[in-house]
Amino acid sequence: MYVLEEKIYFYLLAVIPVIILLFVLLQLWKKRTQKKFADAPLLKRLSPETSTFKPLLKLITLLLAFTCLSFALVNPKLGTKLETVKREGVDIVFATDVSKSMLAEDITPNRLEKSKRLISEIINQLAGDRIGIIAYAGEAFPQLPITTDYAAAKMFLQGMNTDMLSSQGTAIGDAIDMAKDYFNDAEQTNKILVIVSDGEDHEENISYAISEAREKGIRIVTIGVGTAKGGPIPIKRNGITETYKKDRQGEVVITKLNEETLKEISEETNGAYINGRSTSEVVSFMKDFLGQMDKKEFETKQFADYKSQFQWFLGAAILLLILDLLFLERKTAWLRKLNLFNEKNEK
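Small disclaimer: the values here were computed from a predicted structure and weren't measured.

Visitor: What's the story with the packing of aromatic side chains in this structure? I'm lost.
Guide: Both the distance between ring centres and the angle between the ring planes are used here to describe each pair of aromatic rings. This model, assessed by the stated rule, comprises three aromatic pairs. Pairing F10 with F71 gives two aromatic rings, centres 5.3 Å apart and planes at 80°, and the pair type is edge-to-face. Of this pair, F10 sits in the loop between β1 (2-4) and α1 (15-37) while F71 sits in helix α3 (residues 54-74), and the two are 61 residues apart along the sequence. Take F71: its relative accessible area is 25%, and that puts it in the partly exposed class. Ring plane angle 20° and centroid distance 5.4 Å describe the contact between F71 and F313, whose orientation is recorded as stacked. Taken together, the residues F71 in helix α3 and F313 in helix α10 (residues 310-326) connect sequence positions 242 residues apart. An aromatic cluster of three or more residues is present, and its members are F10, F71 and F313.

Visitor: Which parts of the structure should I look at to understand the pattern of salt bridges?
Guide: Per the stated rule, a full pass over the model turns up 10 salt bridges. The partner of E113 in a salt bridge is K116, and the shortest N-O contact between them spans 3.4 Å. Residue E113 and its partner K116 are located together in helix α4 (residues 111-124), separated by three residues, close to a single helical turn. Residue E113 is classed as partly exposed on the basis of its relative accessible area, which comes to 32%. Of the charged contacts, one joins D177 and K180 as a salt bridge, the two residues approaching to 2.9 Å between their closest N and O atoms. Separated by three residues within a single helix, D177 and K180 lie in helix α6 (residues 172-182), roughly one turn from each other.

Parameters and conventions
Residues numbered from 1 in each chain as written. Predicted model: local features only at pLDDT ≥ 70, side-chain atom pairs only at ≥ 80, totals over all residues. Heavy atoms only, no water. Phe/Tyr/Trp six-rings, centres within 6.5 Å; stacked < 30°, edge-to-face > 60°. Helix = DSSP H or I, 4+ residues; strand = E, 2+ residues; numbered from the N terminus. Buried < 20%, exposed > 50% of the residue type's maximum accessible area, 1.4 Å probe, protein only. Salt bridge = Lys/Arg side-chain N within 4 Å of Asp/Glu carboxyl O.

In structure tokens form, the structure reads like this:
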């Protein structure tokens, strides 16, 4: 297990393309200037020891050194001590709707991004609870099994999009069925399924899945994203809206939040419904909802001690910078004899 202490320094790597561009421009300027001074055969006679390969080698060495320095500033840490700790919490599975209707922008920036933010903020408020993630559209797809690794959960969450599932629709029933397998602890009495969706275009026959969830003690919390007024589904290219999704009659499809369905699902499982318009209200609501439940104690293994690894990257960077200083731009005698780079002198 590893952690990256200062991820912001990864932005320094953006300088690398700039350095490469400047190097190319410099080489072009040199060639253009040399042509004004003398032709190629004469230049070879005037400077026979000049290497065409060494500048590129020096550039690669410098870029590697810069990359190592960036990683040293990020300071990767490796877990060195694994210990068993006791936690108290409930099992929570987040089922996120990734159907095309979630691209509607009646909520800024769109319904799917709003859903991700809601779940991410809820996770930030958790402590000892275990969480899992399911994505669903026309079918359900497991994203992350029950875990206490919140960082991994948020990473998987951010990678979700409407193209990850080919079949379209809103298969809430499939998501509920899949969630039942997520709750693998028979002793856990508090099992929460959080469904984040606009509730539109759902299956008609989901009552069986809901009744089975109720029998297994799963309480479903539904969070509605979208507005009653609704909005069109944009079709974008390179981030720019080109048109909107249309039905068979050529009319623009308007997708609306279906709160009634979401409320019915939550009520039948002794859960709760909340509109996801306000992130702070949803987070506060979930905090209160989870706070009313009895916590189950369980054991989990986690790394308790991390050691910095920046020194390895710093050492590599210093070594590469020293090598860069040692590389002269003239030809290396023994390499010239081998003629590996076609640098044989013309006499």
